[in-house]
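# Notes for the structure review
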Amino acid sequence: MELFLLILKISFGVFFCSAGIMHLIKPSIFKNFIPDFLPKKRVSDSAGFIEFILVLGLIFTSTEKKAALGIFILMIFFFPILLWDVTKIRPTIGSKKVAIIRIPLQFILMSLFYLQNS
């Protein structure tokens, strides 16, 4: 089980670190996820920074549980955006089918971060 959690932590770390960096260097990728009434650049930069900091927290034993909880909360915060994306005629990333698949995938990822935190 420990090996599984280590592999999971590394995989999530790479994924979220990449996403965080992409928020900062290519914010245009995420602009359609952000509702028009919000400042898109500021929201994208903030999300990227938060994701990057939380991934750094996963590295250290003393902060990994808090970082996993932070990522879990961030995923809850981003969940309405996934629902909003499904309702669009043309989802932001991929097809309607991909947008629909991302919803249960989000729950799986959230469950795994919950396990990491418990």
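The preceding data block contains the structure.
The model shown is predicted, which means the values in this text are computed figures rather than measured ones.

### A word on the overall build of the protein chain
Counting its regular elements, the protein chain contains four helices and zero strands. Counting helices and strands in the order they occur from the N terminus, the protein chain gives α-α-α-α. Whereas a compact globule of 118 residues would reach a radius of gyration of roughly 13 Å, the protein chain reaches 15 Å, a difference of no more than 12%. Projected onto its principal axes, the C-alpha positions of the protein chain cover 45 × 30 × 20 Å. Across the 118 residues of the protein chain, 37% fall into the buried class. Of the roughly 7700 Å² of accessible surface on the protein chain, 76% is carried by carbon and sulfur atoms. A gap of 7 Å separates the mean positions of the 13 positive and 6 negative side-chain charges of the protein chain.

### Section: the environment of Cys 17
Structurally, the position occupied by Cys 17 is in helix H1 (residues 2-25). A sequence separation of 32 residues divides Cys 17 from Phe 49, and the C-alpha atoms of the two residues are 9.5 Å apart. Leave out the neighbours within four places in its chain, and Cys 17 touches Phe 12, Phe 52 and Val 55.

Criteria and thresholds
Residues numbered from 1 in each chain as written. Predicted model: local features only at pLDDT ≥ 70, side-chain atom pairs only at ≥ 80, totals over all residues. Heavy atoms only, no water. Helix = DSSP H or I, 4+ residues; strand = E, 2+ residues; numbered from the N terminus. Rg over C-alpha atoms; globule rule 2.2 N^0.38 Å. Buried < 20%, exposed > 50% of the residue type's maximum accessible area, 1.4 Å probe, protein only. Areas by Shrake-Rupley, 256 points an atom, 1.4 Å probe, with all protein chains shown as cover. Lys, Arg positive; Asp, Glu negative; His and termini not counted. Charge placed at Lys NZ, Arg CZ, Asp CG, Glu CD. Contact = heavy atoms within 4.5 Å.

The quantities given are spatial measurements derived from coordinates; they are silent on function.
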